[in-house]
Amino acid sequence: MKRPQVIIINTASVDGKLAISPERPLLYGDERWQAIEAWSPAEESTGAYDQIKRIHRPQATLEGSGSFVPEGAEPGPLPPFEGDPEPLYEDFLPDGVIRREGHRGWFTAVDGRGRVRNWIKDGAAFGADHVGWHLLALVGRHTPAAYLAYLQRESIPYLVAGDNGHVDLGVALGKLATELGVTCVLSTAGGKLNGALLRAGLVDEVNVEFLPGVIGGRDTPSLFETPGLAPDEMPTRLKLISAQMQTRGRVWLRYHVIPKEGEV
Ligand SMILES: NC(=O)c1ccc[n+]([C@@H]2O[C@H](COP(=O)([O-])OP(=O)(O)OC[C@H]3O[C@@H](n4cnc5c(N)ncnc54)[C@H](OP(=O)(O)O)[C@@H]3O)[C@@H](O)[C@H]2O)c1
């Protein structure tokens, strides 16, 4: 199936950790992360994220629900859905959002279990660079009807992909390409979602900007969290595109993914 190019970018400690601790997503701020991040707004345009956006010009970014809610957090209650749920399980692409003037991109987020509330829908809230960007959820047949009804009430578009307890990432990417014309997705997700993309053979490029710090911790979110390889499974091989020294002790590694046999 036709799918967009998928580029992954993460910022990690030297031991591959993506956050300081499992119970506190970085979105809510963590001064301990900032201590190793040593970031300054003046350097933003030279950071790996901004550079990779200029290189690939993605029309969509991708996050997982883990970037918004820690695993095990109880989502806020929703009113139960009354009526025939079947129509909710069709893609929801309201014209008012899809064909709005000034569209530039989609913030897509996988939320098959319907865990996230209080979405910020309009990219303008994140500054001038994100004007014209809008939220789009990726859900599946297993997503609770009450959550899909909530997304519809909020005019949050969604694509339905997968019926086995997870969003089918290949199908979701295919729909982004065919229904919305997306040719490049920049995944800024955590290790579980990026790991699922990798194992499904859906990743074209891996970027990691290493920070000068070591965090440790067996449960700390890490790059590419997947089940272990089976005895006959090969690791993913990479071809170096560039290795760039950044300011303040950061190192940005950029790799092309060498497809395994049979992968497209
Ligand atoms: N430093 C960085 O660059 C960076 C970037 C992003 C996040 N983070 C941090 O990393 C942490 C979150 O990472 P995480 O690994 O816990 O969460 P995550 O990457 O968001 O992974 C959970 C998401 O992956 C989906 N998923 C898991 N397995 C799947 C599969 N087999 N098929 C399809 N979808 C699948 C889940 O779907 P459902 O929702 O449908 O269950 C969920 O949306 C947070 O602390 C965050 O702050 C750091």
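For the structure, check the block above.
Residues numbered from 1 in each chain as written. Predicted model: local features only at pLDDT ≥ 70, side-chain atom pairs only at ≥ 80, totals over all residues.

**Side note on the sheet that holds strand β5 (residues 158-160)**
Step number 1: Taken in spatial order, the nine strands of this open sheet run β5-β4-β3-β2-β6-β1-β7-β9-β8, and their pairing is mixed. At either end of the open sheet lies a strand with only one pairing partner, and these are β5 and β8 (237-245). Each neighbouring strand pair of the sheet contributes to a mean axis angle of 20 degrees, computed without reference to strand direction.
Step number 2: Bridge count for β8 against strand β9 (residues 251-258) is eight bridges, and the pairing is antiparallel. Bridged to S242 within β9 is R254. (Pairing = 2+ DSSP bridges. Helix = DSSP H or I, 4+ residues; strand = E, 2+ residues; numbered from the N terminus. Axes fitted to C-alpha atoms, helices over the stretch in contact; angles between N-to-C directions.)

**What to know about the pairing of strand β2 (residues 60-64)**
Step number 1: For β2, the buried fraction is high: five of the five residues fall into the buried class.
Step number 2: Burial of β2 is two-sided: the residues A60, L62 and G64 facing one way and the residues T61 and E63 facing the other way are all buried.
Step number 3: By the bridge criterion, five bridges tie β2 to strand β3 (residues 105-110) in an arrangement that is parallel. Directly across from G64, in β3, lies its bridge partner V110.
Step number 4: Bridging between β2 and strand β6 (residues 184-187) involves three bridges; their strand directions are parallel. What sits directly across from L62, in β6, is S187. (Buried ≥ 20, exposed ≤ 12 C-beta atoms within 10 Å, placed from the backbone.)

**Some details on the environment of A145**
Step number 1: Residue placement: A145 occurs in helix α4 (residues 145-153).
Step number 2: It is 21 Å that separates the C-alpha atoms of A145 and V97, two residues lying 48 residues apart in sequence.
Step number 3: Apart from residues lying up to four places away in sequence, A145 is in contact with F81, P85 and L88. (Contact = placed C-beta atoms within 7 Å.)

**Things to note about the site of the ligand**
Step number 1: Near the ligand there are 28 residues, and of these G64, G66, G112, G190 and K192 occur at the shortest range.
Step number 2: When contributions to the shell around the ligand are tallied by element, the ones reaching two or more residues are β1 (5-13) and α6 (191-199).
Step number 3: With four residues, α6 is the single largest residue contributor to the shell around the ligand.
Step number 4: Split into classes, the residues belonging to the shell around the ligand amount to 13 nonpolar, 11 polar and four charged. (Near = placed C-beta within 6 Å. Nonpolar A, V, L, I, M, F, W, Y, C, P; charged D, E, K, R; others polar.)

**What to know about the pairing of strand β4 (residues 133-139)**
Step number 1: The buried count for β4 comes to seven of seven residues, which makes it a mostly enclosed element.
Step number 2: Every second residue of β4 is oriented toward a common face, with W133, L135, A137 and V139 on one face and H134, L136 and L138 on the other, all of them buried.
Step number 3: Note that β3 and β4 share six bridges and pair parallel. Paired with A109 across the two strands is A137, which belongs to β4.
Step number 4: In this sheet, β5 lies alongside β4 in parallel orientation, the contact comprising three bridges. Within β5, the position partnered with L138 by the bridge is L159.
Step number 5: Between the parallel pair β4 and β5, the chain is carried across by α4, and the sense of this crossover is right-handed. (Right-handed = clockwise from strand over helix to strand, strands pointing away.)

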